[in-house]
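Notes for the structure review
Chain residues, written in single-letter form:
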Amino acid sequence: ALVVGDTSSMTPELQADFRVTGLTHLTAVSGANLTLLLVFVTTVARAVGARGRALTGLAVVSVVAFVALCRSEPSVLRAAAMGLVGLAALGRTPAAGSGVRNLSLAVLVLCWVDPWLSRSWGFTLSVVACGGILWWGRAWAEALRRWLPAWLADSVAVPLAAQLATQ
């Protein structure tokens, strides 16, 4: 359940315990699950020499496999769409504003495919979090790199930008 959101093996008592303790979000598929998968896949791919378009292609294939494995539920589709927007925004030479443009296009396409998403709080929060990352994440990470190693600066800036945006 923590990896692919499959709660079919959880007993009703365990599900109730998750609800009582406020931990049901741990069993929902989210962008965090996709992020962990992409970090693992790209780290291994870089270690064996993948670069450029091959690395990007592998990441896109990983997103498609993630959706296939987790079933195409709304939370999975949101995570995949936002993950693809993030990949596009972090492209080799991202143009100024391209991330926000890609996010806008993803929102339009998803709402065209499923108009009910426009009424979903989860979808709205995913879009706003992704927007915060695109708007503030890179600048904050660069500022933090003056005092912190790059990996730590990114690890602090990205979730902070998402959290602030959703607040």
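Up top is the structure these notes are about.
Residues numbered from 1 in each chain as written. Predicted model: local features only at pLDDT ≥ 70, side-chain atom pairs only at ≥ 80, totals over all residues. Heavy atoms only, no water.

**Re the overall build of the chain**
For the chain, the count of helices and strands is seven helices and zero strands. Relative to its 167 residues, the chain shows a buried fraction of 28%. The contacts of the chain with a sequence gap of at least 6 include a subset with a gap of at least 24, amounting to 58%. Accessible surface, the chain: about 10,700 Å² in total, of which carbon and sulfur atoms supply 68%. (Helix = DSSP H or I, 4+ residues; strand = E, 2+ residues; numbered from the N terminus. Buried < 20%, exposed > 50% of the residue type's maximum accessible area, 1.4 Å probe, protein only. Contact = heavy atoms within 4.5 Å. Areas by Shrake-Rupley, 256 points an atom, 1.4 Å probe, with all protein chains shown as cover.)

**Let's talk about the side chain of serine 62**
Within the secondary structure layout, serine 62 lies in helix 3 (residues 52-70). On the basis of relative accessibility, which here comes to 7%, the residue serine 62 falls in the buried class. Residues contacting serine 62, with those up to four places away along its chain left out, are Leu37, Leu38 and Val41.

**Concerning the packing of aromatic side chains**
Under the criterion given, the structure shown has one aromatic pair. Judged by centre distance (5.4 Å) and plane angle (5 degrees), the ring pair of tryptophan 136 and tryptophan 140 falls under stacked. In this pair, tryptophan 136 and tryptophan 140 are both assigned in helix 6 (residues 121-144), four residues apart and thus about one turn of the helix distant. Classification of tryptophan 140 as partly exposed rests on a relative accessible area of 28%. (Phe/Tyr/Trp six-rings, centres within 6.5 Å; stacked < 30°, edge-to-face > 60°.)

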